[in-house]
Amino acid sequence: VAIAACLGNDQLGKEAHRRLSIKGVRVDYIQYHHEWETGMATAIIDENGDATYEFNTPAAWDGLCLEDRLLDLILKNDKGQQSTKVFVMGTIAGRLKNDHGATSLTTLMTIRNNAPEGSVVLDVNLRSPWYTPETVLKLAQGTAKEGSDSSEEKSPKKLALLKLNEEELCILEQWCGRKDKPSDGKQEGNGLTGSILKQRMEQLATSLNAQRVCITRGKDGAALLCNGSATVEFYENAGYSSLTTTINNDGDTVGAGDAFLAALVTSLFIQKESPARALERACALGGYVAGCRGATPEHGDAPEDLKRVFSLGER
């Protein structure tokens, strides 16, 4: 695992670098901004354990540049090798567009458009006021290469996976021009389960150029749609709220979505497990983190019933 990020030349940046190295994350793609401080998010937790965030602005992470070594990583042809290359990015990184001299959005768009087909995972983060429909849709849909005569390159490359939550689903549907709800009998689970949700996710996958769409539903688990060339597969997992409610009375949602996505990507793309198994692991790890205080609890402290689900050594 490697991280491409921009830190400030300050103590916080040095500490971030140190902690990443300790965890075994490759840090050779980390950059340092000559002016801006290391980014910091302040999480404000409400009575339900849900978080809102405040960011120092501008911050070093707004200034990620497309260095040659990063571009080489994207364009390098790994055919014939056993490794799988997946690029994970979040829409929040493009929050400033080109304001204040920010460069992260331009860098992300270059990665999005030049990475191999089906290798980019996009995590939708709609943190008000740090997003615009134009920016989020552009990152999701991608853009075709200009001046190309190749039929493949005339069409934008598909995302490997688009991940968002139930509130973000409604917002993106509106941006994509959907005004009415699918009509397929009764509204199962307010349109967040069963055939109604499958239909909504299929429409979103088509509109946003994604091979797969994952919708998280908080304590009610998640759903995953895999839109293949011949078939469409749909999976749901009800989550593990019954096993996580007793972990910590001070639990909060900070880090739960990131933990969920990390487990899903690792299981689905790296370990090549089935979509159902990957979704199960992701719900278990996300549920555990949501039941704890803070974003990075020790996995070894999880209840055994949960560890058996999310630990990759377990089947």
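Residues numbered from 1 in each chain as written. Predicted model: local features only at pLDDT ≥ 70, side-chain atom pairs only at ≥ 80, totals over all residues. Heavy atoms only, no water.

**So, helix α6 (residues 166–175)**
Regarding α6, the residues found buried are Glu168, Leu169, Leu172 and Glu173. Within α6, the buried residues cover an arc of 140° as seen down the axis, which keeps them to one side. Buried residues along α6 sit in contact with β7 (161–165), α7 (194–207) and β8 (212–216). Measuring from the backbone nitrogen of Glu167 back to the side-chain oxygen at the start of α6 gives 3.1 Å, which picks out Asn165 as the cap. (Buried < 20%, exposed > 50% of the residue type's maximum accessible area, 1.4 Å probe, protein only. Helix = DSSP H or I, 4+ residues; strand = E, 2+ residues; numbered from the N terminus. Arc of directions from axis to C-beta. Contact = heavy atoms within 4.5 Å. Polar contact = N/O pair within 3.5 Å; in protein donor to acceptor, adjacent residues only side chain to side chain.)

**Comments concerning the packing of aromatic side chains**
All chains considered together, the criterion is met by three aromatic pairs. Geometrically, the ring pair formed by Tyr131 and Trp175 is tilted, given 5.9 Å between the ring centres and 45° between the ring planes. Residue Tyr131 is found in the loop between β6 (120–123) and α4 (133–141), and its partner Trp175 is found in helix α6; the two are separated by 44 residues along the sequence. The exposure class of Tyr131 is partly exposed, given its relative accessible area of 28%. Taking NZ or CZ as reference, Arg95 lies 4.7 Å from the ring centre of Trp130, over its face. (Phe/Tyr/Trp six-rings, centres within 6.5 Å; stacked < 30°, edge-to-face > 60°. Lys NZ or Arg CZ within 6 Å of the ring centre and 35° of its normal.)

**Observations concerning the environment of Phe234**
Mapped onto the elements of the fold, Phe234 is located in strand β10 (residues 232–237). In contact with Phe234, not counting residues within four places along its chain, are Gly194, Leu197, Lys198, Met201, Ala223, Leu224 and Leu225.

**Overview of the sheet that holds strand β5 (residues 87–90)**
Taken together, six strands build an open sheet; the order of strands is β5-β6-β7-β8-β9-β10 and the sheet is mixed. Each edge of the open sheet carries a strand with a single partner, namely β5 and β10. Across the sheet, the mean angle separating the axes of adjacent strands is 15° when strand polarity is ignored. In the sheet, strand β9 (residues 222–227) pairs with β10 via six bridges, with the strands oriented antiparallel. Across the sheet, the residue bridging to Leu225 is Phe234, located in β10. Relative to β10, helix α10 (residues 275–290) is tilted by about 30°, and along the sheet it contacts β8, β9 and β10. (Pairing = 2+ DSSP bridges. Axes fitted to C-alpha atoms, helices over the stretch in contact; angles between N-to-C directions.)

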